[in-house]
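# Examining the three-dimensional arrangement
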Amino acid sequence: MLFKRTKRENSNVSFENGRGDISITKGSEIEKQITMIGLTEKDLHIINAIQPFVIENINFIVDRFYKNLENELSLLKIINDHSSIEKLKKTLRQHIMEMFNGRVDASFIDKRIKIAHMHVKIGLPTKWYMCAFQDLFLALMDIIQQNIINKEDCFLAIRAVSKILNLEQQLVLEAYAAESERLKEAVEEQKRLVRNNVASASQNLAAISEQTNASFQQLISQSNEIVSLAQNGTKLSLSAQERAEKGKEHMHKQALIMSNIYSAVDDISNDVHILLEISNQMQEIVGIVTGIADQTNLLSLNATIEAARAGESGRGFAVVAGEVRNLSEQTKNSVSKVSSLIQNTQKQVEKLTKSLDKIRTEVKNGNQNMQETEKRFEQILDTMAETMQQNNKIETELISFVNVIDELGKAFEEVSLSADKLTMITQELN
């Protein structure tokens, strides 16, 4: 005991001075409980009569109550986590004094229910509540024995206090159990909702996983087709590159041929110019021969005249002069024909020269076109090389993409399996 026992020689306690009132709904469970433990208004009179003794020793009772809690460290932890010992001491003082007010009504019951709810909230086990209440009962017994000398009155007081404490315990423990049951039902309801939500979510997840997996499979198939097309594109690009290289080689050969033709045309043109010069020279020679023929013809004519003057002695010379004149005429005619042929030749040479000029121009243009075409082939080859590099890069990226898609497909298959397992688990829980 924490308080000093000082027995009084004469007890002046009068139970009749106390007040007692039970205001409970008729036919209620509380009324039945009060009837079963035998708690009467007379008991409340006795309880209220000894209230002064309780108030006088309230600090000793409360200090003893919390001193006893030091035997269980978990209780001190609960107190420190949710409040403090000083605050709880103040609350306990008020609670104990109200217990001896001599009145049991709705307010009395509501306060006990609130205490029970608080015990549930902080997680106080019922066994420690019972132990603490037993210590409180022992402390009250010591106070009664100290202050009431008459054994019969002492016995009546202890009985009355045991009844009110029993009712206190009943109300608290019943509310404690009801609140615990309510919380348990709430937890079960929450579990049921969670199970239903999990089941529904797992079913939806399984359906979504199947649809997603199907979509991924289709995407994989399409990606494989794209990779195949990219590979075909690379092959086509390679084939086009080979053809372009052959085209470039062919154009290079044609350019060489055109260059050779251009050189040959230049050579022919030079030869034609030489031929034209030779024709001019021949024309000059023909002119000279024509002049000589004319002079010969004139000399033969003069010789014929002189022969005629000579008479018979100049007849032979006249014959010779006639032959010379005939030969001169034939020479002149032949030279005239040669001159005509030379002029025709010159005309043909001039035409040939013009044709050669045109051929040279066309060959030159053709050669330029060949060079430009060769440049185009070089550009095509460069473009084809870049296209092949791009196709190779696309193919590599597509292969990586297909691998990623394949991994995702496997992951969704695992998700689908997990969803099925989750559905089975929820069904087992139900």
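Residues numbered from 1 in each chain as written. Predicted model: local features only at pLDDT ≥ 70, side-chain atom pairs only at ≥ 80, totals over all residues. Heavy atoms only, no water.

The chain is annotated in an unreviewed UniProt entry as Chemotaxis protein from Parageobacillus thermoglucosidasius.

## A short note on the overall build of the chain
The secondary structure content of the chain amounts to 10 helices and 2 strands. Computed over the C-alpha atoms, the radius of gyration of the chain is 70 Å, more than 25% above the 22 Å expected from 2.2 N^0.38 for a compact globule of 430 residues. Dimensions along the principal axes, computed over C-alpha positions, put the chain at roughly 230 × 40 × 35 Å. For the chain, the proportion of its 430 residues judged to be buried stands at 33%. Long-range contacts, defined here as pairs at least 24 residues apart, represent 86% of the contacts in the chain between residues at least 6 apart. With 50 positive and 58 negative side-chain charges, the chain shows a spacing of 7 Å between the two charge centroids. (Helix = DSSP H or I, 4+ residues; strand = E, 2+ residues; numbered from the N terminus. Rg over C-alpha atoms; globule rule 2.2 N^0.38 Å. Buried < 20%, exposed > 50% of the residue type's maximum accessible area, 1.4 Å probe, protein only. Contact = heavy atoms within 4.5 Å. Lys, Arg positive; Asp, Glu negative; His and termini not counted. Charge placed at Lys NZ, Arg CZ, Asp CG, Glu CD.)

## Describing the packing of helix H4 (residues 58–68) against helix H8 (residues 126–147)
Running from N to C, H4 and H8 point in directions that differ by 145 degrees, and their axes come no closer than 10 Å. Relative to H8, the crossing made by H4 is right-handed. The residues of H8 that touch H4, namely those facing Ile61, Arg64, Phe65 and Asn68, are Ala132, Asp135, Leu136, Leu138, Ala139, Leu140, Asp142 and Ile143. Looking at the contact of H4 with H8, its residues break down into 8 nonpolar, 1 polar and 3 charged. (Axes fitted to C-alpha atoms, helices over the stretch in contact; angles between N-to-C directions. Left-handed = near helix turned anticlockwise from the far one by under 90°. Nonpolar A, V, L, I, M, F, W, Y, C, P; charged D, E, K, R; others polar.)

## Quick word on a positive patch on the surface
Taken together, the side chains of Lys347, Lys351, Lys354 and Lys358 present a region of like positive charge at the surface. Note on placement: lysine 351 falls in helix H10 (residues 315–429). According to the relative accessible area criterion, lysine 351 is exposed, its value standing at 52%. (Patch = residues over 30% accessible without salt bridge, like charges linked within 9 Å, V, L, I, M, F, W, Y side chains within 5 Å. Areas by Shrake-Rupley, 256 points an atom, 1.4 Å probe, with all protein chains shown as cover. Salt bridge = Lys/Arg side-chain N within 4 Å of Asp/Glu carboxyl O.)

## A closer look at the pattern of salt bridges
As enumerated under the stated definition, the model contains 9 salt bridges in all. Here aspartate 135 and arginine 64 are joined by a salt bridge, their closest N and O atoms 3.3 Å apart. With aspartate 135 in helix H8 and arginine 64 in helix H4, this pair connects stretches of sequence that are 71 residues apart. You can call aspartate 135 buried: its relative accessible area is 11%. When its relative accessible area of 13% is taken as the criterion, arginine 64 is described as buried. Between arginine 64 and aspartate 142 there is a salt bridge, with the nearest N and O atoms lying 3.3 Å from each other. Here aspartate 142 lies in helix H8 and arginine 64 lies in helix H4, a separation of 78 residues in the sequence. There is no split in this pair, since arginine 64 and aspartate 142 are both buried.

## With respect to the packing of H4 against helix H6 (residues 85–99)
Two elements in contact, H4 and H6, have axes separated by 10 Å at closest approach and are oriented at 130 degrees. Classed by the angle they form, the pair H4 and H6 counts as oblique. Classified by chirality, the crossing of H6 by H4 is right-handed. Packed against H4, whose contacting residues are Ile58, Asn59, Ile61, Val62, Asp63, Phe65 and Tyr66, the element H6 presents Ile85, Leu88, Lys89, Leu92, Arg93, Ile96 and Met97 at the interface. Its residues assigned to classes, the contact of H4 with H6 comprises 10 nonpolar, 1 polar and 3 charged. (Parallel < 35°, antiparallel > 145°, perpendicular 65-115°, else oblique.)

## A few points about the UniProt feature "coiled-coil region" (unreviewed entry) in the chain
Under the feature "coiled-coil region" (unreviewed entry), the UniProt entry names residues 173–204 and 342–390. With 100% helix and 0% strand, residues 342–390 has its two end C-alpha atoms placed 70 Å apart. (UniProt positions renumbered as here; feature names shortened; annotations may be inferred.)

## So, the nonpolar core
Within the largest apolar cluster, 50 residues are counted, with the highest numbers of intra-cluster contacts made by Ile96, Phe100, Val104, Leu140 and Ile164. Counting residues per element, this core draws most heavily on helix H9 (residues 151–310), which supplies 11 residues. (Core = buried A, V, L, I, M, F, W, Y, C linked by side-chain atoms within 4.5 Å.)

## Points about the side chain of threonine 353
Residue position: threonine 353 is located in helix H10. For threonine 353, a relative accessible area of 15% translates into the label buried. Ignoring anything within four residues of it in the chain, the contact list for threonine 353 reads Val272 and His273.

## Quick look at the packing of aromatic side chains
Enumeration according to the criterion identifies 0 aromatic pairs in this entry. A cation over an aromatic ring shows up here: arginine 112 above the ring of phenylalanine 108, its NZ or CZ 3.8 Å from the ring centre. (Phe/Tyr/Trp six-rings, centres within 6.5 Å; stacked < 30°, edge-to-face > 60°. Lys NZ or Arg CZ within 6 Å of the ring centre and 35° of its normal.)

## What about the environment of arginine 159?
Topologically, arginine 159 is positioned in helix H9. Taking relative accessible area as the criterion, arginine 159 reaches 39% and is therefore assigned partly exposed. For the pair arginine 159 and aspartate 43, spaced 116 residues apart in the sequence, the C-alpha separation amounts to 8.1 Å.

## Points about the environment of valine 54
Checked against the element boundaries, valine 54 lands in helix H3 (residues 51–56). Between the C-alpha atom of valine 54 and that of leucine 88, which follows or precedes it by 34 residues, the distance is 18 Å.

## A short note on a nonpolar patch on the surface
A contiguous nonpolar surface patch, about 320 Å² in accessible area, is contributed by Ile274, Leu275, Ile278 and Met282. Structurally, the position occupied by isoleucine 278 is in helix H9. Accessibility expressed as a relative area gives 38% for isoleucine 278, which makes it partly exposed.

## Looking at the side chain of arginine 112
Of note, arginine 112 is situated in helix H7 (residues 106–122). Among the residues examined, arginine 112 registers a relative accessible area of 1% and is labelled buried. Of note is the side chain of arginine 112, whose polar atom sits 2.5 Å from the side chain of glutamate 168. Contact partners of arginine 112, with chain neighbours within four places excluded, come to His95, Met99, Glu168, Leu171 and Val172. (Polar contact = N/O pair within 3.5 Å; in protein donor to acceptor, adjacent residues only side chain to side chain.)

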